[in-house]
Amino acid sequence: MKTAVPEIIESAKKVLWGNLKTGYSDWAGTNYKYICPANEHYSHQWFWDSCFHAITLAHFDTDLAKNEIESLLFAQKKDGFIPHIIYWDGHKYTVSLSNLGQRLESKLSLFPSNSQLIQPPLIAQAVEAIYKKDKDIGFLRRVVPKLKSYYLWLSEHRDPDQDGLIAIIAPYESGLDQSPSYDPILGVGNGPQLLSSLVGRTVTLRNLIRNYDLKKIFEADYFNVEDVLVNSIYIKNLKVLSGLLHEIDHEEAARHFHYLSEKGKEALIKKCYDPKEAFFFDVYGDADKKARVKTIKGLMPLILDLPKRMVADITKRHLFNKQEFDLPYPVPTVSASEESFSPTPTKIANEPLIWRGPTWINTNWYMVNALRHHGYNKQAQLITEKSLELVNKSGFREFFNPFSGEGYGAHNFSWSTLVVDMILS
Ligand code: GLC
């Protein structure tokens, strides 16, 4: 690999510390400190971003890594819920057409300090990464009970059919905002991107009208999605949490979360896997329909302990297939065989529509870990090297063209520093 490890660590530090926000929050009545995704585009604190930041930081600053986690936990509600965005400096927030869905939410919500949505629940993995580095049992004792109430909240409030899989109520909850996997769910087929984006944003309005009452939202059944990415991360994290609980001698709870993880995995295979296609698809609505679009989400169950044969089929037919996901700069977020696949971002009101083809570093990080876990070390190494090449060539951009490696979206994007973890782990 061309870049020396100390060099990439230094650049990662610059990005993360450059995105560090500090100040006083009026609504919280306290000082805040967190790393935002990118100064230029995203100045608030985002849930899954902060978990990824903590995973990188664990390699060189466990205190700052813990701070990311504890800052998220500060915003946890009594019932266990943790929001996907915390608006620490909420007052300066403005409405603009360009990110209408999310911004309307902050403006009109009854709780302007945070959003009412979730994001992929990888906080247990982030805590585990920190704990592995410094073995600070005091930190575990402090945060694990809060994690426990968060994952219980997910299992109790987000699984209306009680099958072990959680449901999301808006595309933003998966973190893959305009992924074409939602096109059939939103009723826009593989239609024009503008339409897909606008219809996606009406979901926010419908949720707002119901004041984020989950019972009413699930009853209305307009966006009730058992998302493969969210559930793969949920199931993986239930198992990680079980291990963390064991570390602090909460054996009964450890067994319970292990059970929930196994139950979720069985349901994921039963409901979302199509053996003929050797691919996992999101399932939506009361009728449990499959949204048959091949995106990176369908590869995410590879992070779990799946049957060997299934892993071989999925990787051979999709991940290592040059017509689909094996492009010059893997792994694109949509299979190149899909009509909706676009290697470049399309713009609406000067803002790109995202997750419709380009390669992202956080999903690559998951793929690298999945491949290593199943013993595909050569392929994991290749994705690691290509990810590093992307960052060397184009900088820590938000996402990249899977053919040319050109960078798009925000500059100095914090979670793209995950390449550090890929090369050091
Ligand atoms: C975009 C991404 C989302 C991320 C957020 C902040 O909305 O789609 O996954 O959390 O930006 O980086």
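All values reported here derive from a predicted model rather than from experimental measurement.

Which parts of the structure should I look at to understand the nonpolar core?
Considering soluble globular proteins, one finds that nonpolar side chains tend to be buried as a cluster. Counting residues in hydrophobic clusters, the biggest one holds 138 residues, and the most contacted among them are Trp-48, Ile-123, Tyr-151 and Leu-299. With eleven residues, helix H10 (residues 228-247) is the largest single contributor of residues to this core. Residue contacts for Leu-299: discarding those within four places in its chain leaves Phe-279, Ile-314, His-318, Leu-319, Phe-325, Val-331 and Met-367.

Looking at this structure, how should I read the site of the ligand?
Near the ligand lie 13 residues; those nearest to it are Asp-49, Gln-119, Gly-175, Asp-177 and Trp-355. Between the ligand and Trp-48, the relevant distance is 3.0 Å, taken from an oxygen atom to a side-chain nitrogen or oxygen of the residue. Residue Gln-119 places a side-chain N or O atom 2.9 Å away from an oxygen atom belonging to the ligand. Compared with its free state, where it exposes 310 Å², the ligand has 99% of that area covered by protein.

Sorry if this is basic, but what is going on with the packing of H10 against helix H11 (residues 251-272) here?
Describing two packed helices takes the angle between their axes plus the distance from one axis to the other. Here H10 crosses H11 at 160°, and the two axes come no closer than 8 Å. By the criterion of interaxial angle, the relationship of H10 to H11 is roughly antiparallel. As H10 packs across H11, the resulting crossing turns out to be left-handed. Packed against H10, whose contacting residues are Val-228, Asn-231, Ser-232, Ile-235, Leu-238, Lys-239, Leu-241, Ser-242, Leu-245 and His-246, the element H11 presents Glu-251, Ala-253, Ala-254, Phe-257, His-258, Leu-260, Ser-261, Gly-264, Lys-265, Leu-268 and Cys-272 at the interface. Tallied by class, residues from the contact of H10 with H11 come to eleven nonpolar, seven polar and three charged.

Is there a simple way to think about helix H12 (residues 308-319) in this case?
Since the α-helix advances by 3.6 residues per turn, residues separated by three or four positions end up pointing in the same direction. For H12, with twelve residues, the first-to-last C-alpha span of 15 Å sits near the 16 Å given by 1.5 Å per residue. Among the residues of H12, those classed as buried are Met-310, Val-311, Ile-314, Thr-315, His-318 and Leu-319. End-on, the buried residues of H12 take up no more than an arc of 120°, which puts them together on one face. Those residues of H12 that are exposed and aimed more than 90 degrees away from the buried face are Lys-308, Arg-309 and Lys-316. Elements that come into contact with the buried residues of H12 comprise H11, strand E6 (273-274), strand E7 (279-280) and helix H13 (361-373).

Just checking my understanding: could you explain the packing of helix H5 (residues 123-134) against H10 for this structure?
Two numbers describe how H5 lies on H10: the axes approach to 8 Å, and their chain directions differ by 45°. One way to sum up the angle between H5 and H10 is to call them oblique. For the pair H5 and H10, the sense of crossing is left-handed. Along its contact with H5, which presents Ile-123, Ala-124, Gln-125, Val-127, Glu-128 and Tyr-131, the element H10 presents Lys-236, Asn-237, Val-240, Leu-241, Leu-244 and Glu-247. Counted by class, the contact of H5 with H10 contains seven nonpolar, two polar and three charged residues.

Just checking my understanding: could you explain the side chain of Thr-62 for this structure?
Mapped onto the elements, Thr-62 comes out in helix H3 (residues 62-74). Leaving out residues up to four positions away in the same chain, Thr-62 has contacts with Leu-57, Ile-130, Lys-133 and Asp-134.

What should I look at first to understand the confidence of the model for the protein in this one?
Segments scoring low in pLDDT should not have their predicted coordinates read at a detailed level. Residue-level pLDDT values for the protein average 92, and 90% of them are 70 or greater. Within the protein, no element has a lower average pLDDT than helix H4 (residues 100-108), which sits at 49, and none a higher one than H10, at 99. Contacts of residues 105-111 to residues separated by more than four positions or lying in other chains number 18 contacts, the stretch itself having pLDDT below 50.

Mind showing me how you'd approach unusual backbone geometry here?
Most peptide bonds take the trans form, and the phi angle of most residues other than glycine is negative. A cis amide bond links Pro-330 to the next residue, Val-331, at an omega of 5°. Considering the arrangement of structural elements, one finds Val-331 in the loop between H12 and strand E10 (346-348). Phi is positive for Asp-221, which is not a glycine, with a value near 60°. In this structure, Asp-221 sits in the loop between helix H9 (214-220) and strand E5 (225-226). Classification of Asp-221 by relative accessible area gives partly exposed; the value is 25%.

Just checking my understanding: could you explain the sheet that holds strand E8 (residues 282-284) for this structure?
What holds strands together in a sheet is hydrogen bonding between their backbones, with the strands either parallel or antiparallel. An order of E5-E8-E9 is seen for the three strands of this open sheet, with the pairing classed as antiparallel. The open sheet has two edge strands, E5 and strand E9 (289-291), and neither has a second partner. Across three bridges, the pairing between E8 and E9 is antiparallel. The residue bridging Tyr-284 from the neighbouring strand is Lys-289, located in E9.

Looking at this model, I keep getting lost on the environment of Lys-239. Mind explaining?
With respect to the helices, strands and loops of the structure, Lys-239 is situated in helix H10. On the accessibility criterion, Lys-239 (37% relative accessible area) is partly exposed. Put simply, Lys-239 and Ala-75 are 164 residues apart on the chain and 24 Å apart in space, counted from C-alpha to C-alpha. The residues touching Lys-239, leaving out its near neighbours within four places in the chain, are His-258, Ser-261 and Asp-305.

Help me understand the side chain of Ser-261 in this model?
One can find Ser-261 in helix H11. If near-sequence neighbours (up to four positions away) are discounted, Ser-261 is found in contact with Ile-235, Leu-238 and Lys-239.

I'm lost on the packing of aromatic side chains in this one. Help?
Inspection of the entire model under this criterion finds 29 aromatic pairs. With 3.6 Å between their ring centres and 10° between their planes, Trp-355 and Trp-360 make a pair best called stacked. Taking the relative accessible area as the measure of exposure, Trp-355 reaches 2% and is therefore buried. Ring geometry for Phe-413 versus Trp-415: centroids 5.0 Å apart, planes at 75°, classification edge-to-face. In this pair, the class of Phe-413 matches that of Trp-415, namely buried. By the ring-pair criterion, three or more aromatic residues cluster together here, those being Tyr-42, Trp-46, Trp-48, Phe-52, Trp-355, Trp-360, Trp-365, Tyr-366, Phe-399, Tyr-408, Phe-413 and Trp-415.

Thresholds applied
- Residues numbered from 1 in each chain as written.
- Predicted model: local features only at pLDDT ≥ 70, side-chain atom pairs only at ≥ 80, totals over all residues.
- Heavy atoms only, no water.
- Core = buried A, V, L, I, M, F, W, Y, C linked by side-chain atoms within 4.5 Å.
- Buried < 20%, exposed > 50% of the residue type's maximum accessible area, 1.4 Å probe, protein only.
- Helix = DSSP H or I, 4+ residues; strand = E, 2+ residues; numbered from the N terminus.
- Contact = heavy atoms within 4.5 Å.
- Near = heavy atom within 4 Å.
- Polar contact = N/O pair within 3.5 Å; in protein donor to acceptor, adjacent residues only side chain to side chain.
- Areas by Shrake-Rupley, 256 points an atom, 1.4 Å probe, with all protein chains shown as cover.
- Axes fitted to C-alpha atoms, helices over the stretch in contact; angles between N-to-C directions.
- Parallel < 35°, antiparallel > 145°, perpendicular 65-115°, else oblique.
- Left-handed = near helix turned anticlockwise from the far one by under 90°.
- Nonpolar A, V, L, I, M, F, W, Y, C, P; charged D, E, K, R; others polar.
- Expected span 1.5 Å × (residues − 1).
- Arc of directions from axis to C-beta.
- pLDDT = per-residue confidence, 0-100.
- Pairing = 2+ DSSP bridges.
- Phe/Tyr/Trp six-rings, centres within 6.5 Å; stacked < 30°, edge-to-face > 60°.

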